[in-house]
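Below, each chain spelled out in residue letters.
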Amino acid sequence: MRQALRILQAEHLLANVSKGSPATVAENTQPAFNGPGAPPQPTMVGLGPRIAAAFAQPDVEIDALCLTSVSLTLAMGEPLRHIHAGRMKPAKVRVRVLMPSRDIDLAFPAPAAALEAAAGAAVGGRLRRNWLAQRNAQGQVLRHNLLALRATHGIDVQVAFRALPFTPPVKLYLLNNTEALFAYYTLSLRGTQIDHERVDVYDAEGVQQMLFAFDQRAGLRDTTFVEQSHLWFNSLWNTISSDLTLGA
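What comes next is a walk through the structure. (Residues numbered from 1 in each chain as written. Predicted model: local features only at pLDDT ≥ 70, side-chain atom pairs only at ≥ 80, totals over all residues. Heavy atoms only, no water.)

1. Brief notes about the pairing of strand β5 (residues 92-100)
Stage number 1. Extensive coverage of β5 is indicated by the burial of 7 of its 9 residues.
Stage number 2. Pairing between strand β4 (residues 59-65) and β5: 7 bridges, direction parallel. By the bridge assignment, Leu65 is partnered in β5 with Leu98.
Stage number 3. With 9 bridges joining them, β5 and strand β7 (residues 156-164) adopt parallel strand pairing. Bridged to Val97 within β7 is Phe161. (Buried < 20%, exposed > 50% of the residue type's maximum accessible area, 1.4 Å probe, protein only. Helix = DSSP H or I, 4+ residues; strand = E, 2+ residues; numbered from the N terminus. Pairing = 2+ DSSP bridges.)

Structure, rendered in structure tokens:
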């Protein structure tokens, strides 16, 4: 029982856990997701609150490198709700997103089984089309939802996409030049339906990947990681990336 109480206290779910005193529910049940030693969380648990915190600033800058923008699009829902409810209103929002080019052979998702050349090419082509449709659809939703803030709230919004010539093995979110959220795309074997056919593929569940947080205000290690992540992102954006069209 004591161990269970200590675990709940460490997770910021209980307060006043001490001998002879009844434990109480913590006022803030959302654990801090920054600073040294912060526990990693699944992307869809950790990303939304950090995006919302970034939108509490007058000037919002978000850079993202990802396979598709599905996690970012979903995480944007929280700050957008706050803005539409009148609880926050940044003056300026700038979002830049790097995603793979439609012109490359993706490393994943990829067929898991060794197939004959023609069959493998057909399955790979269908996987690529599905990925491209998701990349474009999520990007269009993200862009539309953000640009709509111009008309509805008079916020200065800029949204830009660039295409990478490779499949990123990691996802990275940079928030307001102070935070970096980082996750590996961990591949696993899973079955998926493509054109009414079940296919085994190697793929990564992006929304479930464990997200590690680094805060520039949390010491030399985190500061260096955030700074180097910005340098890496900008180097890709300004050199080998190309125009990205969110079309068919």
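2. Brief notes about the nonpolar core
Stage number 1. If you look at the biggest cluster of nonpolar residues, it comprises 42 residues, and the most contacted ones within it are Ile51, Phe55, Ile62, Leu72, Met76 and Leu146.
Stage number 2. It is helix α5 (residues 117-153) that provides the largest number of residues to this core, a total of 5 residues.
Stage number 3. With sequence-adjacent residues up to four places away left out, Ile51 is seen in contact with Ile62, Leu72, Ala75, Met76, Pro79 and Leu175.
Stage number 4. Grouped together as the second largest cluster of nonpolar side chains are 13 residues, Val170, Phe214, Val226 and Phe233 included. (Core = buried A, V, L, I, M, F, W, Y, C linked by side-chain atoms within 4.5 Å. Contact = heavy atoms within 4.5 Å.)

3. Section: the environment of Val45
Stage number 1. Mapped onto the secondary structure, Val45 falls in helix α2 (residues 43-55).
Stage number 2. Looking at Val45, the relative accessible area reads 41%, which means it is partly exposed.
Stage number 3. Sequence separation of Val45 and Met210 is 165 residues, and the distance between their C-alpha atoms is 9.4 Å.

4. Notes on the packing of α2 against helix α4 (residues 77-84)
Stage number 1. Where α2 meets α4, the closest approach of the two axes is 7 Å, and the angle between their N-to-C directions is 40°. Taken as axis vectors, α2 and α4 run oblique relative to one another. Packed against α2, whose contacting residues are Gly48, Pro49, Ile51, Ala52 and Phe55, the element α4 presents Glu78, Pro79, His82 and Ile83 at the interface.
Stage number 2. In terms of residue class, the contact of α2 with α4 is built from 6 nonpolar, 2 polar and 1 charged. (Axes fitted to C-alpha atoms, helices over the stretch in contact; angles between N-to-C directions. Parallel < 35°, antiparallel > 145°, perpendicular 65-115°, else oblique. Nonpolar A, V, L, I, M, F, W, Y, C, P; charged D, E, K, R; others polar.)

Note that all results are geometric; they support no functional claim without further evidence.
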